[in-house]
Structures are given as C-alpha cells and as structure tokens.
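Residues per chain, in single letters:
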Amino acid sequence: MKEYFATKERQEKLQQLGKEWLGVSYCHMGYTRGGVDCTKFIGLVCVELGILPGIEKNVYYPKDWHTHGNRELVLESVERYGKELAEGLKLIKYQYGLESTPKSALGDLFCLAVNQTGICNHTAIYISDGKIIHCLQRKGVIISDFQTWQRKIKYLYRIFEE
C-alpha cells in the first residue's frame, strides 16, 4: 500500500484547500463554507480532495453530547468516513503515542480528547511540518501548532491507496 499523500501534487492540493477554508466560522453540525464543525470540516476537505464521495448531513448530535455518556460520536464519524472512502482507498487507524504509531505526516487525520472525559470530541488534519488545521467553536477554521495539541491526540488515521 502507498500513502495517499505521498505525491507532491496531493500535498499541495491539501495545503491549498486548507488555506481556502481558513476563517470559516464554526457552526454546530454545519457542512458548508458558511459554517462548519470540526468533524464535518475534515469530511468536507476529504470530499473536495476526492477521497470521500460525500458526507452525511443528517446525523444529529447535541452540542454537549460528550458530557452525556461514553459514546464516541466523533470517533464514529471518522470511522464512518473510513468505510465510505473512494474505491481503492483505505483508512488505517493507529492508537497515538505507541511505539508502533508512525510519525505524523501531511494528511493525517487526528481524533483528540480535549476534555476531562477522555472521549474524542475534536478532529484535526496535519497540514504541514508542525501544523494542524481544525475548526474551533470560538475561532472557526484555523491553523495551530501541532505540539500544542499533540498530548490530546488519541488516534491517528492515515489514508492509503490499495
């Protein structure tokens, strides 16, 4: 298997799309450039790259879903994306922080637990050396330093061509 983002052309396309999304405001369950949440953001970037044929728009989750139990809704969304990838693509999941986890690379998707529950409630994309792009409630789509968020990562997902 070959990493999907191994080519310079695909790397540049991801970085260009990231720049185009910068500044889009946060909207719970939003799925347009008028407003988006973190999970739909990574899905829509994958759609624009041709990795996903589309994303579900009617999967409801309350704003404070992660405070009501232990269901991993963000993780479930990313896993669902993995099952819906374009033909010939495969999403591989790694538990982050293990010795066997590969070093982060451009295009990697992350599920993070940014709360005390330990439940994944945030997603991001590794966009370049030491940077991630993600959507925050109070800031919208931004680029952040990877190291600031690294300790909160639970899972790394990498896309491969079969």
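In what follows, the structure referred to is the one given above.
Given the structure is predicted, the values throughout are model-derived calculations rather than measurements.

**A look at the overall build of the protein chain**
Okay, so step 1: Along the backbone of the protein chain there are 4 helices and 9 strands.
Okay, so step 2: Along the protein chain, from the amino end to the carboxyl end, the secondary structure elements read β-α-β-β-α-α-β-β-β-β-β-α-β.
Okay, so step 3: Considered along the principal axes of its C-alpha atoms, the protein chain spans approximately 40 × 35 × 30 Å.
Okay, so step 4: Residues classed as buried in the protein chain amount to 49% of the 162 residues present.
Okay, so step 5: For the protein chain, long-range pairs separated by at least 24 residues make up 61% of all intrachain contacts whose partners lie at least 6 apart in sequence.
Okay, so step 6: Looking at the protein chain as shown, the accessible area adds up to about 8600 Å², and 47% of this sits on carbon and sulfur atoms.

**Here's the deal with the packing of helix H2 (residues 38–48) against helix H3 (residues 73–83)**
Okay, so step 1: The interhelical angle for the contact between H2 and H3, taken along N-to-C directions, is 10 degrees, at an axis separation of 10 Å. Here H2 is positioned roughly parallel relative to H3, judged by the angle of their axes. Of H3, the residues touching H2 (which contributes Thr39, Lys40, Ile42 and Gly43) are Val74, Ser77, Val78 and Tyr81.

**Here we look at the layout of surface pockets**
Okay, so step 1: Taken as a whole, the largest pocket holds about 520 Å³ of empty space.
Okay, so step 2: For the largest pocket, the lining is made up of 26 residues, of which Tyr26, Cys38, Asn121, His122 and Gln137 are closest to its centre.
Okay, so step 3: Every element with two or more residues in the lining of the largest pocket is listed here: H2, H3 and strand E7 (131–136).
Okay, so step 4: When grouped by side-chain class, the residues that make up the lining of the largest pocket number 12 nonpolar, 8 polar and 6 charged.
Okay, so step 5: The wall of the second largest pocket is formed by Gln15, Lys103, Ser104, Ala105, Leu106, Tyr126, Ser128, Asp129 and Phe146.

**Examining the environment of lysine 131**
Okay, so step 1: Mapped onto the fold, lysine 131 is located in strand E7.
Okay, so step 2: Residues lysine 131 and tryptophan 149, 18 residues apart in the sequence, show an inter-C-alpha distance of 9.8 Å.
Okay, so step 3: Dropping the residues within four chain positions of it, lysine 131 is found in contact with Ile125, Tyr126, Ile143, Ser144, Asp145 and Phe146.

**Points about the nonpolar core**
Okay, so step 1: One finds Phe41 and Ile51 to be the most contacted residues of the largest nonpolar core, which totals 36 residues.
Okay, so step 2: When residues of this core are traced back to their parent elements, those giving at least two are helix H1 (8–21), H2, H3, strand E4 (89–95), strand E5 (109–112), strand E6 (122–128), E7 and strand E9 (153–161).
Okay, so step 3: Looking at which element gives the most residues to this core, the answer is H2, with 6 residues.
Okay, so step 4: If sequence neighbours within four positions are ignored, phenylalanine 41 has contacts with Trp21, Val36, Ile125, Ile133, His134, Cys135 and Val141.
Okay, so step 5: Listed in part, the 12 residues of the second largest apolar core include Tyr126, Ile132, Ile142 and Leu156.

**A few points about the packing of aromatic side chains**
Okay, so step 1: Applying the stated criterion to the full structure yields 6 aromatic pairs.
Okay, so step 2: Centroid distance phenylalanine 110 to tyrosine 126: 6.3 Å. Interplanar angle 85 degrees. Geometry classified as edge-to-face. Of the two residues, phenylalanine 110 is situated in strand E5 and tyrosine 126 in strand E6; the sequence distance between them amounts to 16 residues.
Okay, so step 3: Overall, the relative accessible area of 1% leaves phenylalanine 110 in the buried class.
Okay, so step 4: Ring centres of phenylalanine 110 and phenylalanine 146 lie 5.6 Å apart, and the angle between their planes is 35 degrees; on these two criteria the pair is classed as tilted. With phenylalanine 110 in strand E5 and phenylalanine 146 in helix H4 (residues 146–150), this residue pair connects regions lying 36 residues apart in the sequence.
Okay, so step 5: According to the relative accessible area criterion, phenylalanine 146 is buried, its value standing at 8%.
Okay, so step 6: Every member of this aromatic cluster is reached through a ring pair, and the members are Tyr96, Phe110, Tyr126 and Phe146.
Okay, so step 7: If you follow arginine 10 out to its NZ or CZ, it ends over the ring of tyrosine 4, 3.9 Å from the centre.
Okay, so step 8: A cation sits over an aromatic face here: lysine 93 above tyrosine 155, 4.3 Å from the ring centre.

Cut-offs and rules
Residues numbered from 1 in each chain as written. Predicted model: local features only at pLDDT ≥ 70, side-chain atom pairs only at ≥ 80, totals over all residues. Heavy atoms only, no water. Helix = DSSP H or I, 4+ residues; strand = E, 2+ residues; numbered from the N terminus. Buried < 20%, exposed > 50% of the residue type's maximum accessible area, 1.4 Å probe, protein only. Contact = heavy atoms within 4.5 Å. Areas by Shrake-Rupley, 256 points an atom, 1.4 Å probe, with all protein chains shown as cover. Axes fitted to C-alpha atoms, helices over the stretch in contact; angles between N-to-C directions. Parallel < 35°, antiparallel > 145°, perpendicular 65-115°, else oblique. 1 Å grid on protein atoms, 1.4 Å probe; cavity = no way out; pocket = protein on both sides within 12 Å on 5 of 7 lines; lining within 4 Å. Points joined across faces, edges and corners; volume = space filled by probe spheres on them. Nonpolar A, V, L, I, M, F, W, Y, C, P; charged D, E, K, R; others polar. Core = buried A, V, L, I, M, F, W, Y, C linked by side-chain atoms within 4.5 Å. Phe/Tyr/Trp six-rings, centres within 6.5 Å; stacked < 30°, edge-to-face > 60°. Lys NZ or Arg CZ within 6 Å of the ring centre and 35° of its normal.

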